[in-house]
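# Geometric and topological summary
What follows is each chain in one-letter form.
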Amino acid sequence: MASTTPTQIDQAPPVSKSARSTGRAGDKIFAGLSKGSGILLLVIMASIAIFLTYRASIALSKNEGNFLTTFDWNASATPPVFGIAVLLFGTVISSIIAMAIAVPIAVGIALFISHYAPRKLAAPLAYVVDLLAAVPSIIYGIWGALFLVPQLAGLNLWLDEYMGWTYVFDKTQAGVARSLFTVGILLAIMILPIVTSVSREVFLQVPRMNEEAALALGATRWEVIRMSVLPFGRSGVISASMLGLGRALGETMAVATVLSPSFLINGHILDPGGGTFAQNIAAKFDEANEFGRDALIASGLVLFLLTLLVNGAARLIIARRKDFSGANA
Amino acid sequence: MAKRIDVSGLSAFYGTHKAIDDISMTVEPRSVTAFIGPSGCGKSTFLRTLNRMHEVTPGGRVEGKVLLDDENLYGAGVDPVAVRRTVGMVFQRPNPFPTMSIFDNVAAGLRLNGSFKKSELAEIVERSLKGANLWNEVKDRLNKPGSGLSGGQQQRLCIARAIAVEPEVLLMDEPCSALDPISTLAIEDLIGELKERFTIVIVTHNMQQAARVSDRTAFFNLSAVGRPGKLVEIDDTDRIFSNPSVQATEDYISGRFG
């Protein structure tokens, strides 16, 4: 709170001439570097967007099917017919499953590390969680296909038996669990470390005096977390989740290895089949001709827009309660 | 409401370091007792043992007895959470919950203690804010964040939050040290009103403040840096400031050290 006031800055003792001049050169170099980095970032973003839009427009102008509603991907046929309906559905559903599983668990782990675990346990645990992030996604894919898919057979049966009435968990097709549900679980494991470590950092930032305020009112440890820690960490957890969601939306190799793709929209998430943007691009890119690649790039553009949309929505959620964020405390 | 505090043979530790040594004193109900003494003498630590906040610091440990009327706060089976609901605390820096509105800040302790009807809650919040002399300034913006108030208002909000749960005792840890003189005056006036209802213990670095607000004053000192703090004497404030029985007290209040 008691920050430096402008008057105090004015009263700062004059800097000697030599110190000032080197300070200015340093200032200029640093200001130039950071401005340059900022501009570079914008240039990269703009060139990606221009490239995607240009190539996509070539493909879209010749597409005979409706790009948004077609359940098919025949870019090499004459006339070409392709659409993103299945891919959009698969991407969104698998990411929702991943978020629904990963975010609560990640917040739980982060709270355990920051507020419950004894210090001797907290540090190694945080390290192990971070280590999970270092596993390459193809390894997750192989592990998912060879281990997770067969292991999930039992869970699938159980969900079908007892939760089948929900429609979503009704398994209508036989076959191994190369489904959106399995992909969702795998993505959840993959995004767990990033969501956990960012959330943990935010929870550790909660000012001690905010927690003591709750303690002094007679709050139990859980009540302290509910009154002080979670509200303070809320925007941080949302940001962490967005980072995780970005990874889930764009994950390619793990999904391509586990999913058995099909061009059907199927609300029964335990059934094999479906597809995601990134998985579809990876599966088709090598064999596609020039036009086919443009078509795939068009689907990539949609993924790009989807990510922008989701991030924008998250910013809105954070901004809506900015006064209460604790940033102005 | 408003109970007597009876401390006997109390020592507090941070890990192996003894911060305060063998303190005994009695605090009368419906009075203001001020703790004064140089930095590091353990007066804040001692204050925090009175609502079992000391032990939330890693390594914090307490020996001895604190009787609230007849109940030992450190007795076997006493829940520290329950103690803190009976002994309220106001901190050095105003610490309203930044994510809560003014109303929710005052209602926070009540919501911990049980469920209240909306009308009941509104009534208690209004009464507490009036009790903290803040009602007129905030009644039109109860739903705005508490962190938008000035420092002095925030501190009175914290006092309202503490008295909303009707504690037996109110502990104040240098409540005015982060405030300007006008806000300080407002808090001091408030302390004078609150002592009609609560037992108040206040730690202060400001000896004039101790002289203005308190009925009794306790002087703490330490023999050397790193040595545990001790209670030198406790007496009526008038006597402490006019004719203390220990030389060190007189040296301290007359500005010869500290």
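Small disclaimer: the values here were computed from a predicted structure and weren't measured.

Moving on: the overall build of chain A. Across its full length, chain A carries 11 helices and two strands. Starting at the N terminus and walking to the C terminus, you meet the elements of chain A as α-α-β-β-α-α-α-α-α-α-α-α-α. Taken along its principal axes, the extent of the C-alpha atoms in chain A is 75 × 50 × 35 Å. Classification of the 329 residues of chain A by burial places 37% in the buried group.

The helix and strand inventory of chain B stands at 10 helices and 10 strands. Relative to its length of 258 residues, chain B is compact, with a C-alpha radius of gyration of 18 Å against a globular reference of 18 Å. For chain B, with 258 residues in total, the buried portion stands at 47%. Long-range pairs, those at least 24 residues apart, make up 68% of the contacts in chain B between residues at least 6 apart in sequence.

Turning our attention to the UniProt feature "domain: ABC transporter" (unreviewed entry) in chain B. Per the UniProt annotation, the sites labelled "domain: ABC transporter" (unreviewed entry) are residues 5-247 of chain B. This span, residues 5-247 of chain B, is 35% helix and 27% strand, and a straight line between its end C-alpha atoms measures 27 Å.

Each side of the interface is counted separately: chain B has 22 residues, and chain A has 21 residues. Mapped by element, the contributors of at least two residues to the side of chain B that touches chain A are helix H2 (80-86), strand E6 (87-90) and helix H3 (102-113) of chain B. Among the elements that take part in the side of chain B that touches chain A, H2 of chain B stands out by supplying four residues, more than any other. Across the side of chain B that touches chain A, the residue classes tally to 12 nonpolar, seven polar and three charged.

Below, the discussion takes up the UniProt feature "transmembrane region" (unreviewed entry) in chain A. Residue and element names in this part refer to chain A. When the UniProt feature table is mapped to this numbering, "transmembrane region" (unreviewed entry) covers residues 38-60, 80-113, 125-149, 180-203 and 295-318. Along residues 180-203 the backbone is 100% helical and 0% strand, and the end-to-end C-alpha distance reaches 32 Å. End-to-end, the C-alpha atoms of residues 295-318 are 35 Å apart, and along that stretch the chain is 100% helix and 0% strand.

A separate point is the confidence of the model for chain B. Considering every residue of chain B, the mean pLDDT works out to 92; 99% of them sit at 70 or more. For this predicted complex, the interface score ipTM comes out at 0.89, while the overall pTM is 0.83.

Between Thr 78 of chain A and Pro 79 of chain A the backbone carries a cis peptide bond, its omega angle lying at -5 degrees. In this fold, Pro 79 of chain A is placed in the loop between strand E1 (73-74) and strand E2 (81-82). For Arg 52 of chain B, which is not a glycine, the phi torsion comes out positive at approximately 60 degrees. Structurally, Arg 52 of chain B is set in the loop between helix H1 (43-49) and strand E4 (60-68). Taking the C-beta count within 10 Å as the criterion, Arg 52 of chain B has 22 such neighbours and is therefore assigned buried. One non-glycine residue, Asp 69 of chain B, adopts positive backbone phi at about 50 degrees. In this fold, Asp 69 of chain B is placed in the loop between E4 and strand E5 (71-72).

Right, let's get into the pairing of strand E1 (residues 5-14) of chain B. Strand residues, when the strand is regular, have side chains that alternate between the two faces of the sheet. All names here are of chain B. By the bridge criterion, seven bridges tie E1 to strand E2 (residues 17-27) in an arrangement that is antiparallel. Across the sheet, Val 7 pairs through a bridge with Met 25, a residue of E2. Between the end of E1 and the start of E2, which pair antiparallel, lie two residues, with Gly 15 showing a positive phi angle near 60 degrees. As paired elements, E1 and E4 share eight bridges and run antiparallel to each other. Paired with Ser 8 across the bridge in E4 is Lys 65.

Further remarks concern the nonpolar core. Core analysis: the largest hydrophobic core is formed by 147 residues, its most contacted members being Ile 191 of chain A together with Leu 170 of chain B. It is helix H6 (residues 180-204) of chain A that contributes the most residues to this core, 15 residues altogether.

Turning next to the pairing of strand E9 (residues 216-222) of chain B. Residue and element names in this part refer to chain B. The buried fraction of E9 is high, at seven of seven residues. Across the two faces of E9 the burial is the same, with Arg 216, Ala 218, Phe 220 and Leu 222 and Thr 217, Phe 219 and Asn 221 all buried. In the sheet, strand E3 (residues 32-36) pairs with E9 via four bridges, with the strands oriented parallel. Considered in E9, the bridge of Ala 34 is made with Thr 217.

As a further point, take H3 of chain B. Three or more residues of H3 of chain B are buried, namely Ile 102, Asp 104, Asn 105, Val 106, Ala 107, Ala 108, Gly 109 and Leu 110 of chain B. Immediately downstream of H3 of chain B, the backbone of Gly 114 of chain B shows phi near 160 degrees, a positive value.

Calculation rules
- Chains are numbered independently. Their residues run from 1 in the order of the written sequence.
- Chains carry letters and ligands carry numbers; both start at the beginning, A for chains and 1 for ligands, and go up in the order they are written.
- The predicted nature of this model means local features are confined to residues of pLDDT at least 70 and side-chain atom pairs, given and counted, to a pLDDT of 80 or more, with totals for whole chains, interfaces and linings taken over all residues.
- What counts as a helix is a DSSP run of H or I of at least four residues, what counts as a strand is a run of E of at least two, and both are numbered from the N terminus.
- Exposure classes come from backbone-placed C-beta atoms, where a residue is buried if 20 or more other C-beta atoms lie within 10 Å of its own, exposed if 12 or fewer do, and partly exposed in between.
- C-alpha atoms define the radius of gyration in this analysis, and the globule rule sets the expected value at 2.2 Å times the number of residues to the power 0.38.
- Any pair of residues counts as being in contact when their C-beta atoms, constructed from backbone geometry, are within 7 Å of one another.
- UniProt positions are given in the numbering used here, feature names are shortened, and annotations may be inferred rather than shown by experiment.
- Lys, Arg, Asp and Glu make up the charged group, whereas Ala, Val, Leu, Ile, Met, Phe, Trp, Tyr, Cys and Pro make up the nonpolar group; the residues left over, Gly among them, are polar.
- Per-residue confidence from the predictor is given as pLDDT, running between 0 and 100.
- DSSP-based pairing: two strands are paired if at least 2 bridges between them are found.
- The term nonpolar core refers to a set of buried Ala, Val, Leu, Ile, Met, Phe, Trp, Tyr and Cys residues connected through C-beta atoms within 7 Å.

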